[in-house]
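Examination of the molecular architecture
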Amino acid sequence: MTLLRLRDLDVAIGGTPILAGVGFDLAEGAVMGLVGESGSGKSMTALALMGLLPEGATVTGRADFAGRDLLALSETALCGLRGREIGMIFQEPMTALNPLQTIGDQVAETLIVHGAARRAEARGVAAERLARVGLPQDRFPLSLYPHELSGGQRQRVCIAMAVALRPKLLIADEPTTALDVTTQAQILDLLTGLVAEERMAMLLITHDLAVVSGTADHVAVMQAGRIVEAGATEAVFRTRAHDYTRRLFAASAHRPDRRPPPPGGEAPPLLEVRGAVREYRLPRPGPFAPHPALRAVDGVSFALGPGESLGLVGESGCGKSTLTRAILGLDALQGGEIRLAGVPVGPGMDPALRARVQVVFQDPYGSFDPRWRVERLVAEPFHLTGRPDDWRDRVGAALREVGLAPGDGAKFIHEFSGGQRQRIAIARALIIRPDLIVLDEAVSALDVRVRAQILDLLAALQDSHGLAYLFISHDLSVVRAVTDRVLVMQAGRIVEDGAAEAVLTAPRHAYTQQLVAATPKIPEDWM
Amino acid sequence: MGPSSLAAEIPGSDMIAYLARRLVSLALSLAAASVAIFAVIEVIPGDPAAFMLGLNASPETVAALRAELGLEGGPVDRYLAWAGGMLTGDFGVSYTYRTPVADLVADRLAVSGPLALLALALAAGLALPVGLLAAARRGRAADVAVMGATQIGISVPNFWFAMLLVLVFAVNWQVLPAGGFPGWQAGAGPALAALILPAVALALPQAAILARVLRSALIETLGQDYIRTARAKGLSRGQALRRHAFRNALIPVLTILGMQFSFLLAGAIIIENVFYLPGLGRLVFQAITQRDLVVVESVVMLLVAAVILVTFLVDLAYAAVDPRLRHRA
């Protein structure tokens, strides 16, 4: 039986059309995936169904849900429906919970606000629901606050809140995008288990084709506010009738053309990390107790040759970022040493040495000063070496190298898209001709098609400039596509080290095996 | 997978440790402040006795005052005597009033303390609903009205409000006294009546500031992800505002409230003058003009102590509101 029948959904915000003629059917107890790139209108479709669009949005169309048109309901009627008949979870579990309320109160509130239970009774149900999502009372009492839980645990609390009243439909908007692969696998398992157990339908919104292929029976592909293709997941993914679907697939499997890795052996290493140890002081457990230390990097050793691409993979909290900061010379080590071209790096290092290693960060929105013009942003590394007289020409040349126009230097950063900003970040890293660029999750925030372009650009630049890359990522498929060798990091240690292809197809260490197994894949025979 | 180790501790131990750290820092701040005040007033400007008596004093009178003030001896001994005296309630004797400073201050605090508390309660009582209303109706008529009224409240000086209030309530309608203070021995009714107009005059600008702070904090909080989560659970806009946004917006409001109380305690001097109230502000002002350093020193120390104490209470309030703060140093 059809649970939700959506027809001709048009949404405009402030006169700008966002969605045009969106429609699909969702059967009771079925899982449907809604895929597409950022800005394609996936989340807006969900928010329109929930009646939670931003102010100033106009909505037309029809959404029949259990005999009522969701788009025609009053706000009061929608309040009675949200959380009771349609539950929703969001992408960012770290901020999705009220930091000042216990998890028990927040789950119980779903019941209380709908008058389904009194307080004491609601807490009982909350305990039972939290146990069902994997947070049993003996280890996760109701009195915990969100900050005492990890991201995956917080997403479980959000799920418990959304399914507390056993809704008929659960809308999951990128529920695992902010999580590590092993946590993602657990959360997806939990969601599919709940759907089957409670005969709940789920609308799964994601940019990740592999997640959809393993979870959803049906899929709809969105592009620029429209559904361009829909049907049974296997059929859509095998035939790829629409050009956009084909391009998405091509981009997600894209491997840039790379020249063979330089012959190792003779040349001395460019970067050498030997027994690196980095500790953080933790808060005192008691008023006069000594500070305990957290060993974030625990005896890491590796070498990176000139012109080599080295991948560093691991989950959040494994010490990747701490190690990166030490390699950049931002933090001092508590043990071991890091040498760049034979010279030790550290907070007091010579600017000329610092100029030999540059970095590109993950967030193309947060890593630029919004009040500086692009030319000043790109020219910033010159403060290490002294600004040459022809700096404007050099900025223009660097912008051209990353595929932008030299005239873009006069613009401000808000005039550029995420992919263009990442190109500007690469131009900033290139401008003083470093030997090594550290790419810290540099393509993780990008859509697949933009990501493919940036990976091509990085490969071309490596070829023309003989750059070495340290490519830090949680995404195994990207690391495999662009690196020669890979290090796998777990709890501050390198647990596996070898040729990228070999490590990621036939992992030897148990942790690498676990990572590879948890990574969602589109079945081989669909490709 | 398990909750962080912090949660594994005995319940309440976080709060006790937090309190202990805060108390130690409170005591250290008080000690540092007392040293600074003592140094500035008694040591740096030369001979306080000569300063207090003016240019024409004979050496004999200066010597006599020096002996009376206990200025003989090294600065360390004098500081210890002064600080020790304060701890036992002995603030010295005022040179101009010829009475113990402790009695003088106690008399004035009996006016300034209730006045500040009354003004603060009025300001908070007015600002909280108004700020909530403005945030809930953001961009609509009620919000525009609140923003306009608070702009006036901030820009118009409080003594002008005070005179307006006197004209209306004391001169025209004659329901409240225009000034003076009958003292608490005359009964709580007349004493409170004398404090109402000054408290209102003091509270209005503070309420305007507080309402604007609350409004902007609420608007920022309403954009947070957890408000969207609350709405997805079925809470109405108003329920999400009251149950989730309000408490999260309280931190900046508490900060401002703490600063306002410290200001109201001694900063009410203009209003005290308008209403002819014997408050702490007037006492300091007179003591400074009469060069009564004994009084100045004691009252400044008292005000610094009040600021430190209020800051301590605000810190405790933060921790009560926000569980995350209980773990920090």
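Residues numbered from 1 in each chain as written. Chains lettered and ligands numbered in written order. Predicted model: local features only at pLDDT ≥ 70, side-chain atom pairs only at ≥ 80, totals over all residues. Heavy atoms only, no water.

**Some details on the environment of Thr110 of chain A**
- Mapped onto the fold, Thr110 of chain A is located in helix 3 (residues 103-113).
- Given the relative accessible area of 0%, Thr110 of chain A is considered buried.
- Discounting residues that sit within four places of it in the chain, Thr110 of chain A has contacts with Gly83, Met161, Ala164 and Leu165 of chain A together with Lys233 of chain B. (Helix = DSSP H or I, 4+ residues; strand = E, 2+ residues; numbered from the N terminus. Buried < 20%, exposed > 50% of the residue type's maximum accessible area, 1.4 Å probe, protein only. Contact = heavy atoms within 4.5 Å.)

**What about the domain arrangement of chain B?**
All names here are of chain B.
- As far as domains go, chain B holds domain 1 (3-88) and domain 2 (101-328).
- Taken over C-alpha atoms, the centre of domain 1 sits 28 Å from the centre of domain 2.
- Across the contact, 24 residues belong to domain 1 and 20 residues belong to domain 2.
- Taken over both partners, the interface formed by domain 1 and domain 2 buries close to 2100 Å², and the fraction arising from carbon and sulfur atoms is 77%.
- Sorting the residues of domain 1 by area buried against domain 2 places Tyr18, Ile41 and Met52 first, and these three jointly supply 25% of that buried surface.
- Across the pair Arg22 and Asp315 runs a salt bridge whose closest N-O atoms are separated by 3.1 Å. (Domains from an automatic or database assignment. Buried area = accessible area lost by both parts, 1.4 Å probe. Salt bridge = Lys/Arg side-chain N within 4 Å of Asp/Glu carboxyl O.)

**Focus on the sheet that holds strand 14 (residues 335-340) of chain A**
Residues and elements named next belong to chain A.
- Spatial ordering of the open sheet is given by 12-11-14-15, a layout of four strands whose pairing is antiparallel. Two strands close off the open sheet at either side, each with one partner strand: strand 12 (293-304) and strand 15 (343-344).
- Both strand 14 and strand 15 contribute to a ladder of two bridges, which runs antiparallel. The residue bridging Leu340 from the neighbouring strand is Val343, located in strand 15.
- Of the strands in this sheet, strand 11 (271-281), strand 12 and strand 14 touch helix 10 (residues 320-327), which is tilted by about 60° from strand 12. (Pairing = 2+ DSSP bridges. Axes fitted to C-alpha atoms, helices over the stretch in contact; angles between N-to-C directions.)

**As for the interface of chain A and chain B**
- Taken residue by residue, the interface counts 37 residues in chain A and 29 residues in chain B.
- Interface of chain A and chain B: buried area, both sides summed, is about 3100 Å²; carbon and sulfur atoms make up 56% of it.
- The interface formed by chain A and chain B holds four salt bridges in total.
- Note that Glu75 of chain A is salt-bridged to Arg231 of chain B, the shortest N-O span being 3.1 Å.
- Every element with two or more residues in the side of chain A that touches chain B is listed here: helix 2 (75-81), strand 6 (86-89), helix 3 and helix 5 (151-163) of chain A.
- Element by element, the count of residues in the side of chain A that touches chain B is highest for helix 3 of chain A, at five residues.
- Grouping the constituent residues of the side of chain A that touches chain B by class yields 19 nonpolar, 10 polar and eight charged. (Nonpolar A, V, L, I, M, F, W, Y, C, P; charged D, E, K, R; others polar.)

**Looking at the side chain of Glu315 of chain A**
All names here are of chain A.
- One can find Glu315 in the loop between strand 13 (309-313) and helix 10.
- Despite its burial, Glu315 pairs with no opposite charge, the nearest such side chain being Lys320 at 8.5 Å.
- Of note is the side chain of Glu315, whose polar atom sits 3.3 Å from the side chain of Tyr511.
- In this structure, Glu315 is in contact with Asp180, Val181, Thr182, Thr183, Lys320, Tyr511 and Leu515, ignoring residues within four places of it in sequence. (Lys, Arg positive; Asp, Glu negative; His and termini not counted. Polar contact = N/O pair within 3.5 Å; in protein donor to acceptor, adjacent residues only side chain to side chain.)

**Describing helix 10 (residues 225-232) of chain B**
- Of all eight residues in helix 10 of chain B, six are buried; the element is thus mostly enclosed.
- Along helix 10 of chain B, the residues classified as buried are Tyr226, Ile227, Thr229, Ala230, Arg231 and Ala232 of chain B.
- Of the surrounding elements, those touching the buried residues of helix 10 of chain B are helix 1 (42-50), helix 2, strand 6 and helix 5 of chain A together with helix 9 (188-222) and helix 11 (237-267) of chain B.
- Just downstream of helix 10 of chain B lies Gly234 of chain B, where phi reads positive at about 110°.

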